[in-house]
Amino acid sequence: MQALHLRDARFRYKGSTAWALDGVSLDVEKGEFVTILGANGSGKSTICLMSNGLVPHALPGDLEGTAEVFGLDVRSHPVTELATKVGIIFQEPESQLFCMSVEEEVAFGPENLAVPSDEIRERVEWALELVGMEGYNDRSPFSLSGGQKQRVAIAAALSMRPDMLVLDEPAYALDPVGRVELYQVLKGLKEHHGMTVLLAECDSEEAAKYSDKVALMKDGRVISYGKPRDVLGDPERLRALGVTPPQVSEVSALLKERLEGADFSFISVDEAERAINEKFTNRKRGREQ
Ligand SMILES: Nc1ncnc2c1ncn2[C@@H]1O[C@H](COP(=O)(O)OP(=O)(O)OP(=O)(O)O)[C@@H](O)[C@H]1O
Ligand SMILES: [Mg+2]
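Residues numbered from 1 in each chain as written. Chains lettered and ligands numbered in written order. Predicted model: local features only at pLDDT ≥ 70, side-chain atom pairs only at ≥ 80, totals over all residues. Heavy atoms only, no water.

Colleague: Where do I start with the overall build of the protein in this structure?
Modeller: A count of helical and extended segments in the protein gives 12 helices and 10 strands. Rg of the C-alpha trace for the protein: 21 Å, near the compact-globule value of 19 Å for 289 residues, within the 12% margin. By its C-alpha atoms, the protein is 75 × 50 × 30 Å across when sized along the principal axes. Counting every position in the protein, which comprises 289 residues, the buried fraction comes to 48%. Considering only contacts in the protein between residues 6 or more positions apart, those separated by 24 or more positions represent 63%. If you sum the accessible surface of the protein, you get close to 13800 Å²; carbon and sulfur atoms cover 48% of it. Averaging the positions of the 33 positive and the 47 negative side-chain charges in the protein gives two centres separated by 6 Å. (Helix = DSSP H or I, 4+ residues; strand = E, 2+ residues; numbered from the N terminus. Rg over C-alpha atoms; globule rule 2.2 N^0.38 Å. Buried < 20%, exposed > 50% of the residue type's maximum accessible area, 1.4 Å probe, protein only. Contact = heavy atoms within 4.5 Å. Areas by Shrake-Rupley, 256 points an atom, 1.4 Å probe, with all protein chains shown as cover. Lys, Arg positive; Asp, Glu negative; His and termini not counted. Charge placed at Lys NZ, Arg CZ, Asp CG, Glu CD.)

Set out below in structure tokens:
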């Protein structure tokens, strides 16, 4: 059973004639870190919203095809049930924080599920530690930086003990330091806690570095899905799709063009270092022979 299983899924928001999702097939396996990349309006948020049932329950419309979350059809299971499996985090940290203190914020979800207070306290401490915000219990969420707010929002989702986190452009409003901290937290959750992470982004820099798989979207369809290096290797193609390519892949394209016979195609600094070392060590060896 997959964490998310979409097969020929089509969705059209009520009152709209165009299909926001126009035949999407996408499988996210448990424990995977998957990034959805695509231009504005390509359907990223609609997939995120579908993953905890907000589409089609809170945002109605016509839904066709298969759309299952941990084996549950999103049509026949309410958001309250899906929300116990999927925690969702949005673009604007402010829009999802509303309590007077960080602790209240993180305790809010389990309190609503009538979880015993001892366990709530445990969950709050556990979740704050996972996102590196331990000791901030009494702070007002509004006194925090954007990155810290996003990490509190993640802690609030984690306190519901979900099996999957879905994040819709969570780093959009963050500075570079906030971005790195956010992605490090997500990486830790995946690697040490087996968390399934599904993320929507317009920028492929982090997608290249952290994802197991990348789904490239265009006009409500997934046009390419696979390992980052297979999907993100062609900067021209990404730009044409409205996605910012990884900076280092531009260097790779330039080297390929300028260096005769060089078959460079890297998408991360680590890969670049390996490829360049290999290339020039081989050349040197060739001359020595
Ligand atoms: N509530 C809504 N009602 C009607 N149409 C909507 C609604 N939300 C999104 N759409 C439409 O559905 C399509 C997909 O939108 P979606 O928000 O999923 O794209 P996106 O990839 O997340 O875009 P962005 O990068 O701008 O966030 C777009 O054509 C959009 O206009
Ligand atoms: Mg969106």
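Still more to cover.
Colleague: Just checking my understanding: could you explain the site of ligand 1 for this structure?
Modeller: Surrounding ligand 1, one finds Tyr-13, Ala-20, Ala-39, Asn-40, Gly-41, Ser-42, Gly-43, Lys-44, Ser-45, Thr-46 and Glu-169. The side chain of Ser-45 places a nitrogen or oxygen atom 2.8 Å from an oxygen atom of ligand 1. Thr-46 has a polar side-chain atom sitting 2.5 Å from an oxygen atom of ligand 1. Considered on its own, ligand 1 offers 640 Å² of accessible surface; in the complex 60% of this is hidden by protein. Counting residues per element, the shell around ligand 1 draws most heavily on helix H1 (residues 44-50), which supplies 3 residues. Taken together, the residues of the shell around ligand 1 sort by class into 3 nonpolar, 6 polar and 2 charged. (Near = heavy atom within 4 Å. Polar contact = N/O pair within 3.5 Å; in protein donor to acceptor, adjacent residues only side chain to side chain. Nonpolar A, V, L, I, M, F, W, Y, C, P; charged D, E, K, R; others polar.)

Colleague: When you look at the packing of aromatic side chains in this model, what are you seeing that I'm missing?
Modeller: Two measures describe an aromatic ring pair: the distance that separates the ring centres and the angle between the ring planes. Under the defined criterion, the tally for this structure stands at 3 aromatic pairs. Look at Phe-11 and Tyr-13: their rings are 4.9 Å apart centre to centre, the planes differ by 85 degrees, and that puts the pair in the edge-to-face class. Under the relative-accessibility criterion, Phe-11 is labelled buried at 0%. Each ring, one from Phe-98 and one from Phe-108, has its centre 5.0 Å from the other, and the planes form 85 degrees; the classification is edge-to-face. Of this pair, Phe-98 sits in the loop between strand E6 (86-89) and helix H4 (102-112) while Phe-108 is found in helix H4, placing the two residues 10 residues apart along the sequence. Take Phe-108: its relative accessible area is 34%, and that puts it in the partly exposed class. A cation sits over an aromatic face here: Arg-10 above Trp-19, 4.1 Å from the ring centre. Just above the ring of Trp-126 sits the side chain of Arg-161; from NZ or CZ to the centre is 4.2 Å. (Phe/Tyr/Trp six-rings, centres within 6.5 Å; stacked < 30°, edge-to-face > 60°. Lys NZ or Arg CZ within 6 Å of the ring centre and 35° of its normal.)

Colleague: Would you mind going over the sheet that holds strand E9 (residues 213-218) with me for this structure?
Modeller: Backbone hydrogen bonds are what pair the strands of a sheet, in a parallel or an antiparallel way. Read from one edge of the open sheet, 6 strands run E6-E7-E8-E3-E9-E10, paired in mixed fashion. Each having just a single partner strand, E6 and strand E10 (221-226) make up the two edges of the open sheet. On average, each strand axis in the sheet is inclined to that of its neighbour by 15 degrees, with strand direction left out of account. In terms of strand pairing, E6 meets strand E7 (residues 164-168) through 4 bridges, oriented parallel. Looking across to E7, one finds that Ile-88 is bridged to Val-166. Sheet strands touched by helix H6 (residues 146-158): E6 and E7. Its angle to E6, the strand with the most contacts, is close to 165 degrees. Across the sheet, helix H7 (residues 176-193) lies against strand E3 (33-38), E7 and strand E8 (196-201), angled at about 150 degrees from E8, the strand it touches most. (Pairing = 2+ DSSP bridges. Axes fitted to C-alpha atoms, helices over the stretch in contact; angles between N-to-C directions.)

Colleague: In this structure, what is going on with the side chain of His-77? I would like to understand it.
Modeller: By the element assignment, His-77 lies in the loop between strand E5 (72-73) and helix H3 (79-82). There is a polar contact of 2.8 Å between the side chain of His-77 and the side chain of Glu-81. Apart from the residues within four sequence positions on either side, His-77 is in contact with His-57, Leu-72 and Leu-82.

Colleague: Honestly, the environment of Ser-42 in this entry has me stumped. Any pointers?
Modeller: Examined against the element boundaries, Ser-42 turns out to sit in the loop between E3 and H1. As for Ser-42 and Val-79, which are separated by 37 residues in sequence, their C-alpha atoms are 24 Å apart. Leave out the neighbours within four places in its chain, and Ser-42 touches Ala-20, Met-217, Lys-218, Asp-219, Gly-220 and Arg-221. A distance of 2.7 Å separates a polar atom in the side chain of Ser-42 from the backbone oxygen of Ala-39.

Colleague: Can you help me understand the domain arrangement of the protein in this one?
Modeller: Accessible area lost upon the coming together of the parts serves often as the stated size of an interface. Domain parsing of the protein yields domain 1 (4-233) and domain 2 (246-289). Placing a centre on the C-alpha atoms of domain 1 and another on those of domain 2 gives a separation of 36 Å. Each partner contributes to the interface: domain 1 provides 7 residues, whereas domain 2 provides 7 residues. Taking both sides of the interface into account, the surface hidden between domain 1 and domain 2 amounts to around 640 Å²; carbon and sulfur atoms contribute 50%. Contact with domain 2 buries surface across domain 1, with Glu-205, Ala-208 and Arg-229 losing the most and accounting together for 62% of the total. Taken together, domain 1 and domain 2 are joined by 1 salt bridge. (Domains from an automatic or database assignment. Buried area = accessible area lost by both parts, 1.4 Å probe. Salt bridge = Lys/Arg side-chain N within 4 Å of Asp/Glu carboxyl O.)

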